[in-house]
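Reading the structure
For reference, the chains in residue letters:
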Amino acid sequence: MKKYAKIFLSLLLVFSFSSFIGQTSQAQSFPDVDPTTEVGSAVEKLFTLGIIKGKPNGNYAPKDTISRAEAARIMYGVLELEDYVNETGIKKYPDVPLNHWAYKEISTISEWEVMNGYNTGNFGPSDVLTRGQMAHILRKALDLPNGPASLPFTDVAKNSYYYQGVASLYGANITKG
């Protein structure tokens, strides 16, 4: 499980992407991703596992952003979590309808407390995932210990909710900034 989480982590930290919902075809190399690089290799692996998909035009679009719903779908696929079955019929997030394409993934990843919604009660499935949110999520997913008390980053405030996520990733030598 952690092996795939690290592959996912390397993808997110090197660049953001949003090629998850598009076509489903046999194994392919994306013309806009170099499969000989570490990131390209990870993209190919995640594609082969069926966790990510390409755009309808066959590209991967590595410079696109990633939404919170797309991140939930990837984390769900990478971590291989047992599906959360909502027996009450009451939705957890008012902005994620039962027919949302990532409802199952969002519900499951949230119940496993890897990724949660906002204080407003919404999940924000179409919101762009920020680097701070990503660090916070990955710390939980990888079960990383606390990182160093100080960081070399000027854009990470000590009082931010994602500080310890960034510190943990930095302390584990997963991110350099």
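Please read these numbers as outputs of a predicted model, since none were measured by experiment. (Residues numbered from 1 in each chain as written. Predicted model: local features only at pLDDT ≥ 70, side-chain atom pairs only at ≥ 80, totals over all residues. Heavy atoms only, no water.)

Here the focus is the confidence of the model for the chain. When pLDDT is averaged along the chain, the result is 80; 80% of the residues meet or exceed 70. Averaged pLDDT values for the elements of the chain fall to 46 in helix α1 (residues 2–14) and rise to 91 in helix α6 (residues 163–171). Under a pLDDT of 50 for its full length, residues 1–5 has, in the predicted model, 10 contacts with residues more than four places off or in other chains. (pLDDT = per-residue confidence, 0-100. Helix = DSSP H or I, 4+ residues; strand = E, 2+ residues; numbered from the N terminus. Contact = heavy atoms within 4.5 Å.)

Buried within helix α2 (residues 38–48) we find V39, G40, A42, V43, E44, L46 and F47. The backbone nitrogen of G40 has a side-chain oxygen 2.9 Å away, supplied by the residue at the start of α2, namely T37. A positive backbone phi angle near 80° is found at G50, which sits one or two residues after α2. (Buried < 20%, exposed > 50% of the residue type's maximum accessible area, 1.4 Å probe, protein only. Polar contact = N/O pair within 3.5 Å; in protein donor to acceptor, adjacent residues only side chain to side chain.)

Turning our attention to the packing of helix α5 (residues 131–142) against α6. Relative orientation of the contacting elements α5 and α6 amounts to 65°, with a least axis distance of 7 Å. Read as a crossing pair, α5 and α6 show a hand that is left-handed. For the pair α5 and α6, contact is made by A135, H136, L138 and R139 and by Q164, G165, V166, S168 and L169, respectively. (Axes fitted to C-alpha atoms, helices over the stretch in contact; angles between N-to-C directions. Left-handed = near helix turned anticlockwise from the far one by under 90°.)

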